[in-house]
Amino acid sequence: MSELSLYEPQAWPELLSPGEVAAMLRLAQTTVARWCEQGTIEAVHAGRVWRIPREAVWPMVPPSIQASWPDGPWKEHGANG
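This section reports on the structure supplied with the text. (Residues numbered from 1 in each chain as written. Predicted model: local features only at pLDDT ≥ 70, side-chain atom pairs only at ≥ 80, totals over all residues. Heavy atoms only, no water.)

### Observations concerning the sheet that holds strand 3 (residues 49-53)
Logical step 1: A sheet is described by the order of its strands in space; here three strands give the open sequence 1-3-2, paired in antiparallel fashion. Edge positions in the sheet fall to strand 1 (15-16) and strand 2 (44-46), since each of these pairs with one other strand and no more.
Logical step 2: Pairing of strand 2 with strand 3 involves three bridges; the strand directions are antiparallel. Opposite His-45, over in strand 3, you have Trp-50 as the bridge partner. (Pairing = 2+ DSSP bridges. Helix = DSSP H or I, 4+ residues; strand = E, 2+ residues; numbered from the N terminus.)

The structure is reproduced here in structure tokens:
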């Protein structure tokens, strides 16, 4: 899989791994995994792995980047701002 970009949310898969989210947000994978366990970010526990819906990642994207994608796929979900 190619590297995901905060600037191209339309290319994100429907479900992301904690590692993918961590790489995009430049965080430690353990931080994102802890968020999953604590319920800080919406996530699904599938067996031994966590999967995070792309819509749950969008609110974590810095506002300056969100502003460059005003009509993004999550606008109708109210996640933008």
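### Some words on the pairing of strand 3
Logical step 1: Bridge analysis of strand 1 against strand 3 gives two bridges, and the strand direction is antiparallel. Bridge pairing links Leu-16 to Ile-52 in strand 3.
Logical step 2: Linking two consecutive strands that pair antiparallel, namely strand 2 and strand 3, is a turn of two residues; a positive phi of about 70° is found at Gly-47 within it.

### Notes on the environment of Arg-54
Logical step 1: One can find Arg-54 in helix 3 (residues 54-57).
Logical step 2: The class of Arg-54 is partly exposed, set by a relative accessible area of 24%.
Logical step 3: Here the alpha-carbon distance between Arg-54 and Val-21, two residues 33 residues apart in the chain, equals 9.1 Å. (Buried < 20%, exposed > 50% of the residue type's maximum accessible area, 1.4 Å probe, protein only.)

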